[in-house]
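Here's the letter readout for the chains.
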Amino acid sequence: MKSDELYALLRRRGVLWPSAEIYGGAQGLYDYGPLGAALKRRVEDAWTAWFVGRSPDYYRIEPAELVPEAVVRASGHLENFTDPEISCEACHAVFRAETVVEKVRPEGVDGLAPNQIEEVVRANHLKCPNCGSTALAVPRAFNLMFDVPFGVQRSERAYLLPETAQASYLAFARMWEVGRKALPLGIAVVGRAYRNEIAPRQVLFRMRSFTQAELQIFFDPADPPGRLGAYAEEKVPVLRVDRREKGEGSTAFVPARELVASGLPEFYVDHLVHLLRFLREVLGFPTERIRFFEKSDKERAFYNRIQFDAEVHLESLGGYKEVGAVHYRGDYDLRRHGDGSGKDLSVARPSGERVVPHVLELTFGVDRNLWALADVHLAHEGERTVWKLPPYLAPVQAGVFPLIPKEQRPFAERLTADLLAVGVAAAYDEASSIGKRYARMDEAGTPFCVTVDGPSLADGPDRGTVTLRQRDSKAQERVPAAELAARLAPSLRFPRPTMPPPL
RNA sequence: GCGGGCAUAGUGUAGUCUGGUUAUCACAUAGGCUUGCCAAGCCUAUAACCCGGGUUCAAAUCCCGGUGCCCGCACCA
């Protein structure tokens, strides 16, 4: 489905819509409706079960979203999230300062103040890359972070977190104690991050307020966590730098063992496989649509030693789009915050020797994956529109209908209440024809429909059999009403990691 | 941010060029009759010209500004 069509469908069904819609909307901000909010919660819970549930030494915390200025100063966001810009007064185009000065200053403009950049521009008589005019305006800073006046006097400044990862680094010292001083230590955050994006676009793919699910694994570089074990032969879809440099753009399916043989650390590949399996086995993305895109030295942030972006091919957006990543960040973060805070964030090995833990970051864009779940699993099948969500992710898990409302209404209503009572997200519907009710549920991704009919009442007012209908196959079978919940339960549980904890 | 295009019920649209009657149609939604296992039929109802200003006897239609969306570029430590 095209992006417009998909978005219209999601709006119509109340999955999501623009924030402040009655005021014409606000760029880059979206609200989730009932279906979207429920789906999002399930994706977050499935992510938590899969990643945080992998080890007893992994913990999920919930930090504040606002941090003091010292934090973003230390993390580097205050300087690095700021791209100096130069605008042309003749044609009004705006460029990153780096682009304008690159010929005379190949090392870039990092560390230069705006007035120093201006000196470079004037001294070299630089011209506008667009129209060639020399009427270039004073560079100004554009920071992607939202800053907020803080305190009663509003005299301090706080920042909305530009990435949730920072909160995990801030929590490390406390969590080292809470987690009883053991490495590896995993700190996960599922929360909002905020960026004042220059051009928010493509709905959930670039928002100004978005949800990240991130797991930061702190470990001793002398004893990194993760062994491939049974997954050594797992074929990983990768597009590596060497291949790209040869102009080759297709995905290669490389056994995990070979990735290690090519020089990637085993612990890194282990987590790549774990993320691959999450995308494939939990979110249900077909392997052919997934690839891990290796970022080169130039493309990745300087503190990332290894970076593969997880990408999914999306029809609606016309190509591969990033939905997550695995970053080996070394000891950059704890060193920066150690320096910034003046606290020693190194820890003692059993031998007594001290080490600053390294960080492996698993990052996952919740909103983007929601869009991907719609793109991949929501499709027209002839007349039908079916959202083939994995059953445990579906916002509504069972639709319950009386075939003839005036006859089976009480039975069906009681059955709905019984299912809700045991934790099945059931929805009762008696409006319009039975076919239409199935169709509505298909579009909402509901995996099961239960119809109460004439024979249901034969054994008594609430003890008979009902028709259980499967969304994907449309197959029907008769099931005793009393056994329904137990029958559905296995399909509604989140998959759990079968890989051993990375110890 | 730049350039181009676009904006009409919940969704998709006709009408805009060439200003003029009660703003078209389909689906969806709600109610009724009927039917009863895959979007059946009939009747009825709800529901729209993005916001602000201007031109005009008269603006969905023309002009200006804003906002939002789409595409390309740029951006995405």
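If you're wondering where the values come from, they're calculated on a predicted model, not measured in any experiment.

Draft legend 1. Examining the environment of Arg-174 more closely. Structurally, Arg-174 can be placed in helix α7 (residues 165-178). C-alpha of Arg-174 to C-alpha of Met-207: the two residues are 33 residues apart in sequence and 31 Å apart in space.

Draft legend 2. Spatial organisation of the pairing of strand β24 (residues 448-452). Counting buried positions along β24 yields five of five residues, so the element is predominantly enclosed. Burial along β24 is two-sided: the residues Phe-448, Val-450 and Val-452 and Cys-449 and Thr-451 are all buried. Pairing analysis gives five bridges linking strand β22 (residues 398-402) to β24, with the strands arranged parallel. When the sheet's bridge partners are listed, Phe-401 is paired in β24 with Thr-451. As defined by bridge partners, β24 adjoins strand β25 (residues 465-470) across four bridges and the pair is classed as antiparallel. Bridge pairing in β25 places Cys-449 opposite Arg-469.

Draft legend 3. Region of the structure containing the protein's contact with RNA strand B. Every one of the 42 residues lining RNA strand B counts as a neighbour, but Glu-163, Arg-206, Ser-433, Arg-440 and Asp-453 are closest to it. Within the contact set of RNA strand B, a base nitrogen lies 2.9 Å away from a side-chain nitrogen or oxygen of His-77. In the model, a base nitrogen of RNA strand B is placed 2.3 Å from a nitrogen or oxygen of the Glu-163 side chain. Taken together, the elements giving at least two residues each to the surface near RNA strand B come down to α1 (3-12), α4 (77-80), β6 (94-96), α14 (434-444) and β25. Examining the composition of the surface near RNA strand B, we find that seven residues originate from one element, α14, more than from any other.

Draft legend 4. The packing of α1 against helix α12 (residues 366-377), seen in detail. Closest axis-to-axis distance for the α1/α12 pair is 11 Å, and the angle between their directions is 105°. When the interaxial angle is binned, α1 and α12 end up roughly perpendicular. Where α1 approaches α12, its residues Ser-3, Leu-6, Tyr-7 and Leu-10 are matched on the opposing element by Trp-371, Ala-374 and Asp-375. The residue inventory of the contact of α1 with α12, partitioned by class, reads five nonpolar, one polar and one charged.

Draft legend 5. The arrangement of the packing of helix α2 (residues 34-51) against α12 in detail. α12 packs onto α2 with a crossing angle of 110° between their chain directions and a minimal axis gap of 10 Å. By the angle between their axes, α2 is roughly perpendicular relative to α12. Every pair of crossing elements has a handedness; the one defined by α2 and α12 is right-handed. Contacts between α2 and α12 involve Gly-36, Leu-39, Lys-40, Val-43 and Glu-44 from the former and Val-366, Asp-367, Leu-370 and Leu-373 from the latter.

Draft legend 6. Examining the sheet that holds strand β23 (residues 426-428) more closely. In space, the five strands of this open sheet follow the order β23-β22-β24-β25-β26, with mixed pairing throughout. If you trace the sheet from one side to the other, it starts and ends with β23 and β26 (476-480), each paired once. Each adjacent strand pair in this sheet contributes to an overall mean axis angle of 30°, direction not counted. The pairing of β22 with β23 spans three bridges and is classified as parallel. Bridge pairing in β23 places Val-400 opposite Tyr-428. Lying over the sheet, helix α13 (residues 405-421) contacts β22, β23, β24 and β25, oriented at roughly 155° with respect to β22. Packing against the sheet, α14 makes contact with β22, β23, β24, β25 and β26, and its axis sits at approximately 170° to β22.

Rules behind the numbers
Residues numbered from 1 in each chain as written. Chains lettered and ligands numbered in written order. Predicted model: local features only at pLDDT ≥ 70, side-chain atom pairs only at ≥ 80, totals over all residues. Heavy atoms only, no water. Helix = DSSP H or I, 4+ residues; strand = E, 2+ residues; numbered from the N terminus. Buried < 20%, exposed > 50% of the residue type's maximum accessible area, 1.4 Å probe, protein only. Pairing = 2+ DSSP bridges. Near = heavy atom within 4 Å. Polar contact = N/O pair within 3.5 Å; in protein donor to acceptor, adjacent residues only side chain to side chain. Axes fitted to C-alpha atoms, helices over the stretch in contact; angles between N-to-C directions. Parallel < 35°, antiparallel > 145°, perpendicular 65-115°, else oblique. Contact = heavy atoms within 4.5 Å. Nonpolar A, V, L, I, M, F, W, Y, C, P; charged D, E, K, R; others polar. Left-handed = near helix turned anticlockwise from the far one by under 90°.

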